[in-house]
Structure formats: C-alpha cells, structure tokens
4 protein chains.
Amino acid sequence: MSNYFSRWNELAAIKKELADRDWFYGTSGNLSIKVSNEPVTFLVTASGKDKRKFTDHDFLLVDAAGEKLEETSSKPSAETLLHAKIYNKTNAGCVLHVHTIDNNVITELYKHDTHIDFTGNEIIKALGSWEQDAKVSIPIIPNVAHIPTLAEQFDRYVIGDSGAILIQNHGITVWGKDAFEAKKYLEAWEFLFSYQVKLATIKHVVGSF
Amino acid sequence: MSNYFSRWNELAAIKKELADRDWFYGTSGNLSIKVSNEPVTFLVTASGKDKRKFTDHDFLLVDAAGEKLEETSSKPSAETLLHAKIYNKTNAGCVLHVHTIDNNVITELYKHDTHIDFTGNEIIKALGSWEQDAKVSIPIIPNVAHIPTLAEQFDRYVIGDSGAILIQNHGITVWGKDAFEAKKYLEAWEFLFSYQVKLATIKHVVGSF
Amino acid sequence: MSNYFSRWNELAAIKKELADRDWFYGTSGNLSIKVSNEPVTFLVTASGKDKRKFTDHDFLLVDAAGEKLEETSSKPSAETLLHAKIYNKTNAGCVLHVHTIDNNVITELYKHDTHIDFTGNEIIKALGSWEQDAKVSIPIIPNVAHIPTLAEQFDRYVIGDSGAILIQNHGITVWGKDAFEAKKYLEAWEFLFSYQVKLATIKHVVGSF
Amino acid sequence: MSNYFSRWNELAAIKKELADRDWFYGTSGNLSIKVSNEPVTFLVTASGKDKRKFTDHDFLLVDAAGEKLEETSSKPSAETLLHAKIYNKTNAGCVLHVHTIDNNVITELYKHDTHIDFTGNEIIKALGSWEQDAKVSIPIIPNVAHIPTLAEQFDRYVIGDSGAILIQNHGITVWGKDAFEAKKYLEAWEFLFSYQVKLATIKHVVGSF
C-alpha cells in the first residue's frame, strides 16, 4: 500500500481541476483511483462533501466490494459500487464521474437512443482513434435510484480497460488506465457533448427528438 | 454570541465562492447566517457593497426585525426583511439570495406559472429527494419594488427549515439548516435552471410560454 | 495631482477584474479615471497593450484634450477622445469601455433601433431606478472608424454624470461618478444584455430583427 | 541560441493563459515560438501532455524539418509539421493552434464554404484592418488524419507573416511576428467566431447550411 499517498495526491489534483471547472454542483460527482491490485483497493471520494474544499477526509480507502478499510466517520460515495464494478472487471486505474449541464442535456436530446455516435471531430483522437473518419460511441443507460440495479445495467458496458458510460439525466462515468488517461478521456467526451449541444441550439436536428 | 467570528468566516467563504462565479453583478445579491437563537441574531451583507471585495465591513449583526446591533456606518441589505422572515419562522441557519442570468431567464419562461416542477434529474437528490422519479417544485412570486409587500408574498412560501423561492426576473432565495446545506441547495437549483434553460434553447417548448 | 497613485491603483484593480472576465480580447477595451478637476486630467489605458498583463506602463496621464502629460513612449488609447468628451461635459470620475460577445450581439439584434429599453428586471435598481416597473434605456450609435466623427455622434448622448452608450458591433462605454459606480453600472448593463440575448435564443423575438 | 530561455518563458506564459481558458481539452492544441533564424529552430509543445500542468518538459527545440535538437524522451507535437511550414515560408515568430467549441462549431456551420468572411465588427481592427467596413477572411480546409497530406492543404494558405487557418471540426492555427501578436490575432478570431455562433443560435441563418 506504498502507493497510498501518491495516489491520494493524484486524485486530489484532479478533484481540484474539476472543482475549478465547477463540475461538482450540489456535492454531486465522485472520483476514485486504484491503490493496489491484489487485493484490489482504491481511494474513493467521501459521500456528501463539498468537493470545492480540500481536507484530510476527502477520500477513503475501500476494498473490491466498496467496503471501507479505514477507521473514519466518512462514508464512501453512494455510487462506490459503480467504481468497484470497473476495478473488478478491468485494469482501469482511475474512475471519474461528474454531472455537467451538457452531459445531462445530451442524454435528454438522445433519450430514445441507446448510444450516441460521434464522427469527424479531431478531438476523437484523444479517445485513441487516430484513423480518418473514426467513429466513437458512448452508451446511455437509464437512471435508476436503486444503486445495485443501476450497477447491473452499468456493468453490461464495463468492457475494456478504458471506457465511458452516460447515465440518463445524471452524468458521465469515465475510466482509464491511470488518472492522466481518465481525465483526458473525460475532457474529450465533454468537448464532444458541448460541441453537439451547441450545434443543436442552431440546427435543431440532433438524434431522434 | 461566541459564534460571531466562526459564522463570519463561514459566510465570507461562501461569499468568496459565489463571487468567483460572478453571481453578484451590480452589487446584487445578499447573504446571511444565524449567530444566535434566543434572541435571534444574524449576520447579513451590508447594502450596496462590491461583493467581490473582502473587508471588515462586509457583514453586520442584526436582530430578528432586521435592525442593526452594531455601531457601524454600514446599512443592512435592503432585503434583510426577507432573511428575517425565514429566521423567525424556521430553524434555518443560512439564507442565500443571488441573481443569475439563468435564474432570471427561467422565471420569464415560466411567467404564467406559480411554480416550476423538475423531475427525473439526478441532481434532485441534492435537494433531499432520493426516491425514483422524485419531483421538486419551486414557487415563483411576482417582483415588487416595495420590500414589505414583497416580504408578505414571500412569507407564504417560507414553510420548512429548508426551502427556495424564485422572485420574477429578480433571483432565487435559498435557505437551509447551515451554510453548507444552503449552498448545496443553491447549486442544485441553479443546475436545474441551467439545464432547463439550455434545453429550451434547443426544444423551444418549456412551460407555458 | 496627489490623487495620481490612488487613482492608478483603483483603475488597475478594475482592469484586473475585467481581465479576469476576459473582456479585453485582442487588446480591445479602454479604461480611464479622473485625477484632477482644474485642469481636467485623467489616467487612460495605453494603446495596444495586452490588458491581462500588469506593468508600470498600463496607464498614462492625459489632459482634457486627450494629449499626454507624461514623458513616455506609450500612446493613449485610440479612443481617448471619447473619454475626454465625458470628462469635459460631466462630473464623471471614471469611464469604462469593453467589447463583450453579448454587448456586440445585442446591437446586432436591435440594429434598426436607436435605443434598447429594459424594464421589469431587478438589476435595474443598480442603475439607480428603484421604483416599480422602472424603465432604463441605452442608446446605440453606428460604429465609425474615424474617431472624431464617432466622438461627435457619441457626444449627443453624453448628458448626465453617469450614463452608458452602445456602439454598433463594437462595445459599451459606461461612466459614473467614481470607479465603483462605473463598474456597478457596467455589470448591470452586461447582466441585462446577457439576459436579453439568452431569452432571444429561446423566444426568437427580440427587438425589430 | 541565446533566445532559448526568454522564448521558453514567453511560450509558457501563453500556454498558461490559454490553459486558464480551458482551450486544451483532451491534451489537444499545440504551440510554438521561433528561437533562431539561421538556421530556423523553434520550441514546440511536447506531444500528449496535459497542458494545464507546467514542467521542464513542456517544450522541446526542433529544426526547420520539425526534428528534435535536444536529448529528451519527449516527442514534438504530432502537428509540428504545420508549424514548420509556417516558419519556413514566412517571418512568423509564433504559432498557436487550439481546439475550442466555437472554432469547431463555426466550421460545421460553414462546411460548404472555403472561407468565412467577417465585416463590420470593431474587433477586426485587432487583425490589422482599421478602415471603415474592412473585411477579413479565414480559409477552412478539410481535416485529414494523415498529417503530411493535411500539411500540403494547409501550405496553400500560409502566405504572409501573419495569418490564420481553420481546419474543419479540428481548430484554428494562427501565426504572427511574435507571441504578443499571435495571441492578439487568436483572441480576435475567437471573438468573431463566438459572436457569429451566438448570433446563429438566434437567427438560424449563417453560411450555407
């Protein structure tokens, strides 16, 4: 567990950056970073905190089931189960979940679809697709208040060591092999959402609405 | 009154955060925090100051009638009466009132309605409603230049220890049991307004306009 | 001229704040503050500088004709003549001119009008009108590349000790008795423009376009 | 090569400013600054870094062919060839390439055009055109994944010592005689794009779509 402090600092740096973008309205969002592989342990944001503040209780260590491994009065984020799904099935090293206006609006624009496809935008290279006319696709799953049920739906799309899932009128979850990669993917997806939403305000023709 | 300084600092921290979001255009907005219960006293923003600046005169202590309890040349905010209504009727510990473009625009979109309802967005959990398909509702009252008249209209919706009211083309007032909760609610409402306004720019079908 | 340094600092503080909002794209915008009354002298931003940077050459002292009173290689802003008009005709203490997307867009939306009127928004109180249903009005003048000609058109609307003028697809000029007041007015007008522009994206019915 | 450190610092300052605007989503964007003329050498951003961070490996020196001149594990940006084209053909001293939502959206709005013309906006003066009703024009070239092919298309529009090119759904490349000028032009173009995109959300009549 020698990674504990360096991982804490990496996650705190990302939390700071996303807080600067104001992506944690109403204490929403949750972040995690893997600390060890065998057994799987990860640091995850504590539940219900103001993520614009920085304290010694921002994160806590949990096991592969999302149960806390530290004596602390903090509770892991209510959605820790989604993070655990990813660490258990893949080699991901970092998971980021945020609510933004645009990642909510786009799920409403495409609410009759199971996926949103993007093609022809240069930022797609940041998602690892460098060929001409590469297409990227992100699944949208319905939002369900019961977290274990949500986790089941979510689980179907947890496939590779990096990936992203939109939850209807809720937000995006992105994962990658490390903090750097997860944040890069998050930014690329948010760029695509903002691009598409802005075009929609002009062209009024997006998806199936 | 041993709470005076710690409450001052809490309110100053919130003022800083909302100023960073540029939510105090034209010296608009006013904030308060309860200092004592018996008798009720609270710190409230001084009238007409630039809330992007930080001075020893930013707040002043007032009583349950909104009258100042300190020797100072500052005057309490012109809308202190609205804050007093809340502290007198409920156990709220903090009241936040801000003008934002989106909280003004949304009252114009719904100007023929007395309430705006929101459902199906995850951020609603931040308002304390965790069940599936929870609905939240915020009243809109007409804006009246005469503050005692406005306070009367306002008073009808001051019901629980937390709550929120929109004033037509003016802004939102949010209260909660403490500064943390009031700010969390404020952010959740603003998220919902921005979401709805952005959708409206695409779908052109919102409310009854 | 004992006011020189305190006025410099006041103007630098406003420049910092407006730069933080990114209101000086492409070295646009110019600011000034009165230093003495008899004779009239004022500090004005130097021409062509990046206003996000802070140096000893940001401002220079000029006389009532806009001619520089200091040995310096800097030149006064090309639009110093507009500032001089205001200091010569009124008791204004500060003049702010900025280009923003919304203050440009709104002049295009109302391009067939000579004025834009606003009523019913609470922020209007910041402009000094406290009565119910107060109306405020801002003139729009055509943009003319030849500054003396522009100054003549501008001059017709330089009436009171505070005021504001929009120049078509160019920006706003605001003045007030001091730096605090000028900035307060600027923020109030920009709030109204952003509000109106955002409503227009939804309702598609604004002004005479 | 005595310019190395002062140029490094100039480029780092611009990188900081553009990072503050969040114009490097998903590690996109690349920047360069000329260090010597004979032979041509320039500092260019290293490939694939998070440009919100500041390290000793942010830039590396390359020659006129874009080959690195330093022992370093960093690689020059994948698009260094475009920068090299400009330094080889012109006297430009700085080249900036960024992806923004608006510079992507506008290429989609004008996707059937080879150029976008702007006229009648004051910010055009920042691009060096001071006469009444000056028109500025920016070419749009198709985005091609194969960089040498893209560089060829790009090359046709690399004409003067300052200039700008839009790449379809990719971003803008701007150059000028030095860092100050390149950034000024970048801001002026982005202002025009944002203005036009915002108008399009209201008027729904832009370009040929």
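Per-chain numbering applies: the sequence of each chain, read as written, is numbered from 1 onward. Each chain gets a letter, beginning with A, and each ligand a number, beginning with 1, in the order they are written. Predicted model: local features are reported for residues with pLDDT of at least 70 only, side-chain atom pairs are reported and counted for 80 or more only, and whole-chain, interface and lining totals are derived from all residues. The side-chain values count all of the structure's non-hydrogen atoms but skip hydrogen atoms and water molecules.

Q: Hey, could you run me through the sheet that holds strand E8 (residues 171-176) of chain B in this one?
A: Sheets are built from strands paired through backbone hydrogen bonds, the pairs being either parallel or antiparallel. Residues and elements named next belong to chain B. Any two strands between which DSSP finds at least two bridges are classified as paired. Under the DSSP-based scheme used, a helix requires at least four consecutive residues in state H or I and a strand at least two consecutive residues in state E, with every element numbered from the N terminus. Here 8 strands make up an open sheet; going across it, the order is E3-E2-E1-E4-E8-E7-E6-E5 and the pairing mixed. With one partner strand each, in any of the chains shown, strand E3 (59-63) and strand E5 (115-119) form the two edges of the open sheet. Looking at each pair of strands side by side, their axes are set apart by 20° on average, direction ignored. Sheet topology places strand E1 (residues 30-36) next to strand E2 (residues 41-45); 4 bridges connect them, and they run antiparallel. Paired with Ile-33 across the two strands is Leu-43, which belongs to E2. Residue contacts are counted whenever heavy atoms from the two residues lie within 4.5 Å of one another. An axis is simply a line fitted to the C-alpha atoms; with a helix, the fit covers only the stretch in contact. Between two such axes, the angle follows the N-to-C directions and lies from 0 to 180 degrees. Sheet strands in contact with helix H3 (residues 101-109) are strand E4 (94-98), E5, strand E6 (135-141), strand E7 (163-167) and E8, and its direction is about 70° off that of E7.

Q: Can you walk me through the interface of chain D and chain A in this structure?
A: It is common to give the size of an interface as the accessible area lost on bringing the parts into contact. Each partner contributes to the interface: chain D provides 32 residues, whereas chain A provides 28 residues. A 1.4 Å probe defines the accessible area here, and the buried area is the portion of it lost by two parts on being joined, summed over both. Around 2,500 Å² of area is buried between chain D and chain A when both sides are counted, 60% of it from carbon and sulfur atoms. Sorting the residues of chain D by area buried against chain A places Tyr-25, Arg-52 and Ile-101 of chain D first, and these three jointly supply 25% of that buried surface. Criterion for a salt bridge: a side-chain nitrogen of Lys or Arg within 4 Å of a carboxyl oxygen of Asp or Glu. Counting across the interface, chain D meets chain A through 5 salt bridges. As a salt-bridge pair, Asp-102 of chain D and Lys-198 of chain A come within 2.8 Å of each other at their nearest N and O atoms. Side-chain atoms alone can form a polar contact between residues adjacent in sequence; in general such a contact is a pair of N or O atoms within 3.5 Å, and within protein one must be able to donate a hydrogen while the other accepts it. Viewed at the interface, chain A and chain D are joined by 12 residue pairs in polar contact (both at pLDDT 80 or more).

Q: How do you make sense of the UniProt feature "binding site: Zn(2+)" (unreviewed entry) in chain A when you look at a structure like this?
A: UniProt positions are given in the numbering used here, feature names are shortened, and annotations may be inferred rather than shown by experiment. Mapped onto the present numbering, the UniProt feature "binding site: Zn(2+)" (unreviewed entry) falls at His-97 and His-99 of chain A. As for its position among the elements, His-97 of chain A is in strand E4 (residues 94-98). Those residues in contact with His-97 of chain A, other than ones at most four positions away along the chain, are Gly-29, Asn-30, Leu-31, Glu-79, His-170, Gly-171, Ile-172 and Thr-173 of chain A. With respect to the helices, strands and loops of the structure, His-99 of chain A is situated in the loop between E4 and helix H3 (101-109). The exposure class assigned to His-99 of chain A is buried, which follows from its relative accessible area of 6%. Residue contacts for His-99 of chain A: discarding those within four places in its chain leaves Trp-23, Ser-28, Gly-29, Asn-104, His-170 and Gly-171 of chain A together with Glu-122, Ile-123 and Phe-191 of chain B. Remark: exposure states derive from per-residue accessible area (1.4 Å probe, protein chains only) relative to the maximum for the residue type, with buried under 20%, exposed over 50%, and partly exposed in between.

Q: Sorry, what's going on with the interface of chain B and chain A here?
A: Listed by partner, the interface residues are 28 residues for chain B and 33 residues for chain A. Both sides together, the interface formed by chain B and chain A hides about 2,500 Å², and carbon and sulfur atoms give 60% of it. The largest contributions to the chain B side of the interface with chain A come from Glu-122, Phe-191 and Ile-202 of chain B, which together make up 25% of the buried area. Residue Arg-21 of chain B pairs with Asp-22 of chain A through a salt bridge whose shortest N-O separation is 2.6 Å. Counting residues per element, the ones that place at least two in the side of chain B that touches chain A are helix H1 (4-20) and helix H5 (179-203) of chain B. When residues in the side of chain B that touches chain A are grouped by element, the largest group, 14 residues, is from H5 of chain B. For this classification, the nonpolar set comprises Ala, Val, Leu, Ile, Met, Phe, Trp, Tyr, Cys and Pro, the charged set comprises Asp, Glu, Lys and Arg, and every other residue, Gly included, is treated as polar. A class-by-class count of the residues in the side of chain B that touches chain A yields 10 nonpolar, 6 polar and 12 charged.

Q: I would appreciate a short explanation of the sheet that holds strand E7 (residues 163-167) of chain A in the present structure.
A: All names here are of chain A. A sheet is described by the order of its strands in space; here 8 strands give the open sequence E3-E2-E1-E4-E8-E7-E6-E5, paired in mixed fashion. If you trace the sheet from one side to the other, it starts and ends with strand E3 (59-63) and strand E5 (115-119), each paired once. Put simply, the sheet's adjacent strands are angled 20° from each other on average, direction ignored. Against the sheet, helix H2 (residues 80-89) engages strand E1 (30-36), strand E2 (41-45), E3, E4, E7 and strand E8 (171-176), with an angle of about 40° to E1. Helix-sheet contacts for helix H4 (residues 147-155) involve strand E6 (135-141), E7 and E8, and the interaxial angle to E6 is about 155°.

Q: Could you clarify how one ought to interpret the packing of H3 of chain B against helix H5 (residues 179-203) of chain C in this entry?
A: Each packed pair of helices is defined by two parameters, the angle between the axes and the distance between the axes. At their nearest, the axes of H3 of chain B and H5 of chain C sit 10 Å apart, and the two run at 45° to each other. Considering the angle they form, H3 of chain B stands oblique to H5 of chain C. The way H3 of chain B lies across H5 of chain C gives a crossing that is right-handed. In this structure, H3 of chain B contributes Ile-101, Asp-102, Asn-104, Val-105, Glu-108 and Leu-109 of chain B to the contact, and H5 of chain C contributes Phe-191, Ser-194, Tyr-195, Lys-198, Leu-199, Ile-202 and Lys-203 of chain C. Considered class by class, the residues forming the contact of H3 of chain B with H5 of chain C number 7 nonpolar, 2 polar and 4 charged. In these notes the angle categories are as follows: under 35 degrees is roughly parallel, over 145 is roughly antiparallel, 65 to 115 is roughly perpendicular, and the rest is oblique. Should the near helix be turned counterclockwise from the far one by less than a right angle, the crossing is left-handed, whereas a clockwise turn marks it as right-handed.

Q: Honestly, the pattern of salt bridges in this entry has me stumped. Any pointers?
A: A side chain of one charge can pair with a side chain of the opposite charge if their charged atoms are brought near each other. By the definition in use, this model includes 72 salt bridges over all chains. Asp-20 of chain B is paired through a salt bridge with Lys-16 of chain B; the nearest N and O atoms lie 2.7 Å apart. Separated by 4 residues within a single helix, Asp-20 of chain B and Lys-16 of chain B lie in helix H1, roughly one turn from each other. Taken together, the shared-partner salt bridges in this structure form one network comprising Glu-17, Arg-21, Lys-183 and Glu-187 of chain A together with Asp-22, Asp-50 and Arg-52 of chain D.

Q: Would you take a moment to explain the relation of the copies chain D and chain A for this structure?
A: Both copies of the chain are related by a screw-like operation: a rotation about an axis and a shift along it. Least squares is used to superpose the copies, and the fit set is the C-alpha atoms of residues whose pLDDT is at least 70 in both copies. Each copy of the sequence occupies a distinct position, and chain D is placed on chain A by a rotation of 90° and an axial shift of 0.0 Å, giving an RMSD of 0.0 Å. These values place the two chain copies in the arrangement generated by a four-fold rotation axis. Distance from the rotation axis, computed per C-alpha, reaches its smallest value in chain D at Thr-201 of chain D: 4.1 Å. Different-surface contact between copies: only 6% of interface residues of chain D are shared with the interface of chain A.

Q: Whenever I open this one, the UniProt feature "domain: Class II aldolase/adducin N-terminal" (unreviewed entry) in chain A confuses me. Can you help?
A: Taking the numbering used here, the UniProt-annotated feature "domain: Class II aldolase/adducin N-terminal" (unreviewed entry) corresponds to residues 9-197 of chain A. Spanning residues 9-197 of chain A, this segment combines 31% helix with 24% strand, and its end C-alpha atoms are found 34 Å apart.

Q: Explain the relation of the copies chain B and chain A to me, please; I cannot follow it from the model alone.
A: Rotating chain B by 90° about the axis while translating it 0.0 Å along that axis superimposes it on chain A, leaving an RMSD of 0.0 Å. A share of only 7% of the interface residues of chain B reappears at the interface of chain A, consistent with the copies meeting through non-equivalent patches.

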